[in-house]
Amino acid sequence: SDKRLWHKNMMKFIHIMFQCHQQVKYNVEGDIEMDSLKLDPQIWQQGGYTETGNVSLETLKATAFSKDVIDHVVETSPEALQVLADLDIEPQDCMRLSDTLDRTKSGDIKVMELIEGISCLRGPARRSD
């Protein structure tokens, strides 16, 4: 069903974000070391990242992704862009995804904010955007 497919794709995106969140490294200036966020294509081809499968729901709910990590993943990961396309997110919405999702302007986006925000972005751009 459409709902099941949406949940499957949402979990793929969360898996990508969780993997990048776990492996991100920053340099002395506080900028992301780009090589630290490379996704392993072999893992992706074998069905995607599944590290979230070993994480409790409470831990996952408490996880927040930095806007910098989300921006970097959306800008550099063809896998993430494909999953967002599969979630029916317009390309122009992908480019400002972290700003859209960070409603509190804290610089971090909790997993529940991520899910709710992406759910609201589905489909063609709306006139009110």
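Right above here is the structure, for reference.
Treat the numbers as computed from the prediction; the structure is a model and nothing was measured.

Would you mind showing me how to read the overall build of the chain here?
Broken down by element type, the chain carries 8 helices and 2 strands. Written out in order from the N terminus, the α and β elements of the chain read α-α-α-β-α-α-α-α-β-α. Counting every position in the chain, which comprises 129 residues, the buried fraction comes to 39%. Within the chain, contacts between residues at least 6 apart in sequence are counted, and of these 71% link residues at least 24 apart. Only carbon and sulfur atoms are counted for the fraction: they give 51% of the accessible area of the chain, which is about 7,800 Å².

Looking at this model, I keep getting lost on helix α8 (residues 111-121). Mind explaining?
Since the α-helix turns once every 3.6 residues, residues separated by three or four places project in the same direction. Of all the residues in α8, the buried ones are V111, L114, G117, I118 and L121. End-on, the buried residues of α8 take up no more than an arc of 130°, which puts them together on one face.

Help me out: how do you make sense of unusual backbone geometry in this one?
With the exception of glycine, most residues fall at negative phi, and the peptide bonds are largely trans. Phi at D88 takes a positive value of approximately 70°, unusual for a residue other than glycine. As for its placement among the helices and strands, D88 is situated in the loop between α5 (78-86) and α6 (91-95). In this structure D88 comes out as partly exposed when scored by relative accessible area, which is 37%.

Is there a simple way to explain the pattern of salt bridges in this structure?
One side chain can pair with another of opposite charge once the charged atoms of both are near each other. Summed over the entire model, instances satisfying the criterion amount to 3 salt bridges. One salt bridge connects D93 with R96, and the closest N-O pair in it is separated by 3.1 Å. Given the relative accessible area of 2%, D93 is considered buried. Assessed through its relative accessible area of 37%, R96 is described here as partly exposed.

Sorry if this is basic, but what is going on with the nonpolar core here?
Side chains that are nonpolar tend, in soluble globular proteins, to be buried together. F13, L84, L87, L97, L114 and I118 are the most contacted members of the largest nonpolar core, which has 29 residues in total. When residues of this core are traced back to their parent elements, those giving at least two are α1 (2-23), α4 (67-76), α5, α7 (97-101) and α8. Here this core takes 8 residues from α1, the largest share from any one element. Ignoring any residue separated from it by four or fewer positions in sequence, one finds L87 in contact with W6, N9, M10, F13, I118 and R122.

What is the right way to look at the packing of α1 against α4 in this model?
If you want to describe how two helices pack, look at the angle between their axes and the distance between the axes. Orientation of α1 relative to α4, taken along the N-to-C sense of each, is 120°, at an axis distance of 10 Å. Taken as axis vectors, α1 and α4 run oblique relative to one another. In this structure, α1 crosses over α4, and the sense of that crossing is right-handed. For the pair α1 and α4, contact is made by I16, M17, C20 and H21 and by V69, I70 and V73, respectively. Split into classes, the residues belonging to the contact of α1 with α4 amount to 6 nonpolar, 1 polar and no charged.

Is there a simple way to think about the side chain of D93 in this case?
Position of D93 among the secondary structure elements: in helix α6. Only 3.1 Å separates the side chain of D93 from the side chain of R96, close enough to count as a polar contact.

Help me understand the packing of α1 against α5, please; the structure alone is not making it clear to me.
In the contact formed by α1 and α5, the axes pass within 9 Å of each other and the chain directions differ by 155°. With respect to their mutual orientation, α1 and α5 come out roughly antiparallel. In the crossing of α1 with α5, the sense of the turn from one axis to the other is left-handed. Two secondary-structure elements touch here, α1 through N9, K12, F13 and I16 and α5 through E79, A80, V83, L84 and D86. Looking at the contact of α1 with α5, its residues break down into 5 nonpolar, 1 polar and 3 charged.

What counts, and at which threshold
- Residues numbered from 1 in each chain as written.
- Predicted model: local features only at pLDDT ≥ 70, side-chain atom pairs only at ≥ 80, totals over all residues.
- Heavy atoms only, no water.
- Helix = DSSP H or I, 4+ residues; strand = E, 2+ residues; numbered from the N terminus.
- Buried < 20%, exposed > 50% of the residue type's maximum accessible area, 1.4 Å probe, protein only.
- Contact = heavy atoms within 4.5 Å.
- Areas by Shrake-Rupley, 256 points an atom, 1.4 Å probe, with all protein chains shown as cover.
- Arc of directions from axis to C-beta.
- Salt bridge = Lys/Arg side-chain N within 4 Å of Asp/Glu carboxyl O.
- Core = buried A, V, L, I, M, F, W, Y, C linked by side-chain atoms within 4.5 Å.
- Axes fitted to C-alpha atoms, helices over the stretch in contact; angles between N-to-C directions.
- Parallel < 35°, antiparallel > 145°, perpendicular 65-115°, else oblique.
- Left-handed = near helix turned anticlockwise from the far one by under 90°.
- Nonpolar A, V, L, I, M, F, W, Y, C, P; charged D, E, K, R; others polar.
- Polar contact = N/O pair within 3.5 Å; in protein donor to acceptor, adjacent residues only side chain to side chain.

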